[in-house]
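Structural description and commentary
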Amino acid sequence: MKKLCSFFVLLLVGLLCAQTSLAAGPYEANWESLDSRPLPGWYQDAKFGIFIHWGIYAVPAWAPKGQYAEWYWNRMGGPLKGIPAEERKGEAWDFHVQNYGVDFEYQQFAPLFKAELFNPDQWAEIFKAAGAKYVVLTSKHHDGFCLFQSQEANRSWGQAWNSVDNGPHRDLLGDLGDAVRAAGLRMGFYYSLYEWYNPLWLTDRGLFVDKHMIPQFKDVVTRYNPSIIFSDGEWDMPSEDWKSPELLAWLFNESPCKDEVVVDDRWGKETRHHHGSYYTTEYASGMDTGDHPWEESRGMGHSYGYNRNESLADYRTSRELILMFIDLISRGGNLLLNVGPTADGRIPTIMQQRLRDMGSWLAVNGEAIYGTRPWRESRQWSAGEIPQVQYGDQYMVKYDINEVTKKSNEGKAVVEAFFTQKEGTVYAICPNWPGKTFTIKQVTPSEKTQITMLGVDSPLSWKKTDAGIEIECPDLSPGEAPCDYAYTFKLTSLQ
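To keep things clear, this report deals only with the structure shown in the data block. (Residues numbered from 1 in each chain as written. Predicted model: local features only at pLDDT ≥ 70, side-chain atom pairs only at ≥ 80, totals over all residues. Heavy atoms only, no water.)

**A few points about the overall build of the chain**
Check the secondary structure of the chain and you find 15 helices and 16 strands. Taking 495 residues into account, the globule formula puts the C-alpha radius of gyration at 23 Å, and the chain, at 25 Å, falls close to it. If you line up the chain on its principal axes, its C-alpha atoms span 75 × 70 × 40 Å. Put simply, the chain has 495 residues, and 55% of those count as buried. At a minimum sequence separation of 6, the contacts of the chain that also span at least 24 residues come to 74%. Accessible surface, the chain as shown: approximately 21200 Å² in total, 50% of it carbon and sulfur. When the 48 basic and 64 acidic side-chain charges of the chain are each reduced to a single mean position, those positions are 4 Å apart. (Helix = DSSP H or I, 4+ residues; strand = E, 2+ residues; numbered from the N terminus. Rg over C-alpha atoms; globule rule 2.2 N^0.38 Å. Buried < 20%, exposed > 50% of the residue type's maximum accessible area, 1.4 Å probe, protein only. Contact = heavy atoms within 4.5 Å. Areas by Shrake-Rupley, 256 points an atom, 1.4 Å probe, with all protein chains shown as cover. Lys, Arg positive; Asp, Glu negative; His and termini not counted. Charge placed at Lys NZ, Arg CZ, Asp CG, Glu CD.)

**Regarding the packing of helix α10 (residues 205-224) against helix α12 (residues 244-253)**
Remark: α10 packs on α12, axes separated minimally by 11 Å, with the N-to-C direction vectors making an angle of 20 degrees. Relative to α12, the element α10 lies roughly parallel. With respect to the hand of their crossing, α10 and α12 are arranged in right-handed fashion. In contact with M213, I214, F217, K218, V221 and T222 of α10, α12 contributes L247, W250 and L251. Residues that form the contact of α10 with α12 fall into these classes: seven nonpolar, one polar and one charged. (Axes fitted to C-alpha atoms, helices over the stretch in contact; angles between N-to-C directions. Parallel < 35°, antiparallel > 145°, perpendicular 65-115°, else oblique. Left-handed = near helix turned anticlockwise from the far one by under 90°. Nonpolar A, V, L, I, M, F, W, Y, C, P; charged D, E, K, R; others polar.)

**Overview of the nonpolar core**
In this structure, F48, I52, W54, F127, M213, L251 and F489 are the most contacted members of the largest nonpolar core, which totals 150 residues. Contacts of F48, omitting those with residues within four sequence positions, involve A130, G131, A132, K133, Y134, F325, L335, L337, M358 and L362. (Core = buried A, V, L, I, M, F, W, Y, C linked by side-chain atoms within 4.5 Å.)

**Description of the sheet that holds strand β9 (residues 379-381)**
Spatially, β9-β10-β11-β16-β13 is the arrangement adopted by the five strands of the open sheet, whose pairing is antiparallel. Each having just a single partner strand, β9 and β13 (445-453) make up the two edges of the open sheet. The average undirected angle you get between the axes of adjacent strands in this sheet is 20 degrees. Bridge count between β9 and strand β10 (residues 415-422): three bridges; the pairing is antiparallel. Bridge assignment links W381 to a residue of β10, and that residue is V415. (Pairing = 2+ DSSP bridges.)

**What to know about the pairing of strand β8 (residues 333-339)**
With seven of seven residues buried, β8 is to be regarded as a mostly interior element. Burial along β8 is two-sided: G333, L335, L337 and V339 and N334, L336 and N338, pointing in opposite directions, are all buried. Summarising the sheet, strand β1 (residues 48-52) and β8 pair through five bridges and their orientation is parallel. Pairing of F51 across the sheet is with N338, part of β8. Bridge count for strand β7 (residues 294-298) against β8 is five bridges, and the pairing is parallel. Residue pairing for β8: E296 is matched across the bridge by L335. In terms of handedness, the path from β7 via helix α13 (residues 318-330) over to β8 forms a crossover that is right-handed. (Right-handed = clockwise from strand over helix to strand, strands pointing away.)

**Brief notes about unusual backbone geometry**
Residues other than glycine seldom take positive phi values, yet K243 does so here, at roughly 60 degrees. When you line up the elements, K243 lands in the loop between α11 (239-242) and α12. For K243, a relative accessible area of 31% translates into the label partly exposed. The backbone phi angle of M396 is positive, close to 50 degrees, even though this residue is not glycine. Topologically, M396 is positioned in the loop between β9 and α15 (401-405).

**Here's the deal with the packing of aromatic side chains**
As enumerated under the stated definition, the model contains 45 aromatic pairs in all. When the centroid spacing of 5.1 Å and the interplanar angle of 65 degrees are considered together, the rings of Y68 and Y304 count as edge-to-face. Highlighted residues: Y68 in the loop between β1 and α4 (72-76) and Y304 in the loop between β7 and α13, separated in sequence by 236 residues. Among the residues examined, Y68 registers a relative accessible area of 6% and is labelled buried. Between Y100 and F104, the ring centres sit 5.5 Å apart and the planes meet at 35 degrees, which makes this aromatic pair tilted. Residue Y100 is classed as partly exposed on the basis of its relative accessible area, which comes to 24%. (Phe/Tyr/Trp six-rings, centres within 6.5 Å; stacked < 30°, edge-to-face > 60°.)

**Quick word on α12**
Counting buried positions along α12 gives eight out of ten residues, so the element sits mostly inside the fold. Here α12 has its buried residues at S244, P245, L247, L248, A249, W250, L251 and F252. Tucked inside the fold, the buried residues of α12 contact α2 (31-34), α10, β4 (228-232), α11 and β5 (262-263).

**Re the packing of helix α6 (residues 120-129) against helix α14 (residues 349-365)**
In the contact formed by α6 and α14, the axes pass within 7 Å of each other and the chain directions differ by 40 degrees. Taken together, the axes of α6 and α14 are oblique relative to one another. Here α6 contributes E125, I126, F127 and A129 to the contact with α14, which in turn contributes Q352, L355, R356 and G359. Of the residues contributing to the contact of α6 with α14, the split by class is four nonpolar, two polar and two charged.

**With respect to a negative patch on the surface**
A cluster of acidic residues, E240, D241, E246 and E270, forms a negative patch at the surface. Tracing the sequence through the fold places E240 in helix α11. (Patch = residues over 30% accessible without salt bridge, like charges linked within 9 Å, V, L, I, M, F, W, Y side chains within 5 Å. Salt bridge = Lys/Arg side-chain N within 4 Å of Asp/Glu carboxyl O.)

**Topic: the state of the cysteines**
One pass over the full model with this rule turns up zero disulfides. With no disulfide of its own, C146 lies closest to C257 among cysteine sulfurs, the gap being 17 Å. With no disulfide partner, C473 has as its closest neighbouring cysteine sulfur the one in C430, 7.4 Å distant. (Disulfide = S-S within 2.5 Å.)

**Quick notes on the environment of F252**
Tracing the backbone through its elements, the reader meets F252 in helix α12. Ignoring anything within four residues of it in the chain, the contact list for F252 reads Y27, L34, R37, K258, V261 and V263.

**Regarding the sheet that holds strand β12 (residues 437-441)**
Taken in spatial order, the three strands of this open sheet run β12-β15-β14, and their pairing is antiparallel. Two strands in the sheet have a free side with no partner beyond their single neighbour: β12 and β14 (462-464). Pairs of neighbouring strands in the sheet enclose a mean axial angle of 20 degrees, with direction left out of account. In this sheet, strand β15 (residues 468-472) lies alongside β12 in antiparallel orientation, the contact comprising five bridges. Bridge assignment links K441 to a residue of β15, and that residue is G468.

Written out as structure tokens, the structure is:
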């Protein structure tokens, strides 16, 4: 009998090993196989990353309000769009003519992008103090200018079109990666598949993919060993034409980062929210489910690249950013919060201040964020009509966190608490000070249940009610509150 039991144990172990082996690759160049790859565990535990849009567009650093400054070249038009200078129109073109002249071409910004004040160690310290766990820098945006040395860029553009051979004369991607990793954070990069005005792209897209994009992508991956890759610029062609399945099979099977790297869902015009390690939303409200890993990316203002045309009123407040972050995490997402450095290499002070506030809040409440997963409910509403929020759209959706959290909201329901959970512990994060007592609804305590507020030393008194659990909140003056903006109850051993 013992031998028979041992046989079945060995058989079960063998089957499990076989399944694990299949899940671990090798991966074939098709989406069914690629999508079977397990997500490296670090990503869903990390929760908070820093996006950095930086390039020669930081020299003009301008866009009409509500638009992206990194799209400056595209917005100003140009001969490669077939529009003569005298016929070009729009705010961006008018700004360009007024400040640089009608004959000043975008390429002339490259030598002016000097990054002379860039201090990667300082950047890394800011990101770590913000509580971020990973960093994603634009290795190359749609203008094709690389923040690393690239023979492909120089060859196809017919000029020095990277930060080592032009402008800063520095490997910006490599220098920042070294500093970020030294600070204990993970480093990755954004990579645009297409380039607006690359001569190869304009004349022969197949040749562009084979001779420019694929070898350049493999080169930057091999040299910089990213933990995360944010692909973009995929929308003009299906993934088959980009040869994305073949490229990802190489990434997951052969590249130096094959065991750690995670990738987004932007690999062809049909792939968003269908394929990839995680799904993306952009200046939107994220997804309403944690069924598949996802991430919302956005700037603090209306632009990713630094926009000098934005004023203080265009920036989200620290409270808004923190509450948006909590909301996204409660629904199973990550936040990739963007900074747009200046051309000389500084992170604008207002962006630093927002990041410091994020870090101060996470220093107290990080336990309720890092490594957590969605609870059975993502939030608890007050009485009243629940505001409608549009979830799941990929791009530019109205998302007003104040509308769903503002205490005085004209009779409409507001979120009283967002929930996360980890290892049997539930965290209720209140977007407003909860008052003298606070009730968490539809929960049942056990004899072992304990309730505390993160940042407050003493356990809190509570009692079971018909509605749930009524908590006696700590009696604190404003100066004694453990943090600003949102307050976390920790509930252990619930039934």
